[in-house]
Amino acid sequence: QLQLVESGGGLVQPGGSLTLSCAASGPLQFFAVAWFRQDPEKGRTGVSCISTQNNAEYVDSVKGRFSISRDKNQNTVYLQMNSLKPEDTAVYYCTTTYGTNTCPPFELSEWDYWGQGTQVTVSS
């Protein structure tokens, strides 16, 4: 199994930016990678995904503000978050699934490995 470690969360003012990192114990070039977030009201919901072909997908609420990318070494995936809003406050998790050319749906059953999460708090 892959081990995933998220980092980069913290406290930021509305309109600010953060970059989250998902560091894997092995190469990620054969994995699609997604970011989910969890809050007390909505539970764990999808945010963004990058496929093995490096096609990116975003939920409407973050489109135009967030950007997902892979490190050239293929062992880290990033989530650049700009123009942050209070409703972005959540614990952010990265997750992977093996061997898919396109991003699967943002459903928990589609994803195999999870990190421990990193807290993002957007507040003035």
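This text follows the structure it describes.
None of the values given here were measured: they were computed from a predicted structure.

Visitor: Mind showing me how you'd approach the overall build of the chain here?
Guide: Secondary structure summary: the chain contains zero helices and eleven strands in total. Tracing the chain from N to C terminus, the helices and strands come up as β-β-β-β-β-β-β-β-β-β-β. For 124 residues, the compact-globule formula gives about 14 Å, and the C-alpha radius of gyration of the chain, at 13 Å, lands near that figure. With the principal axes as the frame, the chain shows a C-alpha extent of 40 × 25 × 25 Å. For the chain, the proportion of its 124 residues judged to be buried stands at 44%.

Visitor: I tried to follow the side chain of D71 on my own but got confused; where do I start?
Guide: Residue placement: D71 occurs in the loop between β7 (66-70) and β8 (76-81). One buried charged residue, D71, remains without a salt bridge, the closest side chain of opposite sign being K72 at 7.1 Å. A distance of 3.2 Å separates a polar atom in the side chain of D71 from a polar atom in the side chain of Y78. If we skip the residues at most four places from it in the chain, D71 touches T76 and Y78.

Visitor: So what exactly am I meant to see when it comes to the sheet that holds β8 here?
Guide: The strands that make up a sheet are held in pairs by hydrogen bonds between backbone atoms, and each pair lies either parallel or antiparallel. Read across the sheet, four strands follow the order β1-β3-β8-β7 without closing on themselves; strand pairing throughout is antiparallel. Of all the strands in the sheet, just β1 (4-7) and β7 have a single pairing partner and so form its edges. Neighbouring strand axes in the sheet, compared pairwise and without regard to direction, differ in orientation by 15 degrees on average. The pairing of β1 with strand β3 (residues 18-24) spans four bridges and is classified as antiparallel. Opposite S7, over in β3, you have S21 as the bridge partner.

Visitor: What exactly am I supposed to notice about unusual backbone geometry here?
Guide: Excluding glycine, a negative phi dihedral is what most residues carry, and trans is how most peptide bonds are arranged. One non-glycine residue with positive phi stands out, namely N54, at about 65 degrees. One non-glycine residue, Q74, lies in the positive phi region at around 70 degrees. Secondary-structure assignment places Q74 in the loop between β7 and β8. The class for Q74 is partly exposed, based on a relative accessible area of 24%.

Visitor: Looking at this structure, how should I read the nonpolar core?
Guide: As a rule of thumb, nonpolar side chains are buried together in soluble globular proteins. Within the largest apolar cluster, 25 residues are counted, with the highest numbers of intra-cluster contacts made by W35, F66, L79, M81 and Y92. Per-element accounting of this core gives the leading share, four residues, to β3. Apart from the residues lying within four places of it in its own chain, the contact partners of L79 are L18, T19, L20, W35, V47, S48, F66, S67, I68 and Y92. Counting six residues, the second-largest nonpolar core is a separate cluster that includes A34, F36, C103 and W111.

About the cut-offs
- What you see as residue numbers is a count from 1 along each chain, following the sequence as written.
- Two thresholds apply to this predicted model, a pLDDT of at least 70 for residue-level local features and 80 or more for giving and counting side-chain atom pairs, whereas whole-chain, interface and lining totals are computed over all residues.
- Neither water nor hydrogens contribute to the side-chain values; these are computed over all heavy atoms in the structure.
- By the criteria applied, helices consist of DSSP H or I runs no shorter than four residues and strands consist of E runs no shorter than two, each listed in order from the N terminus.
- Here the globule rule is a power law, 2.2 Å times the number of residues to the power 0.38, and the radius of gyration is based on C-alpha atoms.
- For every residue, the accessible area obtained with a 1.4 Å probe (protein chains only) is divided by the maximum for its type, and the residue is called buried under 20%, exposed over 50%, and partly exposed between those limits.
- Positive charges come from Lys and Arg alone, negative charges from Asp and Glu alone, with His and the N- and C-terminal ends not counted.
- We define a salt bridge as a side-chain nitrogen of Lys or Arg found within 4 Å of a carboxyl oxygen belonging to Asp or Glu.
- Here a polar contact is taken to be a pair of N or O atoms separated by no more than 3.5 Å, where protein atoms must pair a possible hydrogen donor with a possible acceptor and residues adjacent in sequence count only if both atoms sit in side chains.
- Any two residues having at least one pair of non-hydrogen atoms within 4.5 Å are treated as being in contact.
- What makes two strands pair is DSSP finding at least two bridges between them.
- What counts as an axis is a line fitted to C-alpha atoms, over the stretch in contact for a helix, and the angles between N-to-C directions run from 0 to 180 degrees.
- Take the buried residues of types Ala, Val, Leu, Ile, Met, Phe, Trp, Tyr and Cys, join any two whose side-chain atoms come within 4.5 Å, and each joined set is a nonpolar core.

The quantities given are spatial measurements derived from coordinates; they are silent on function.
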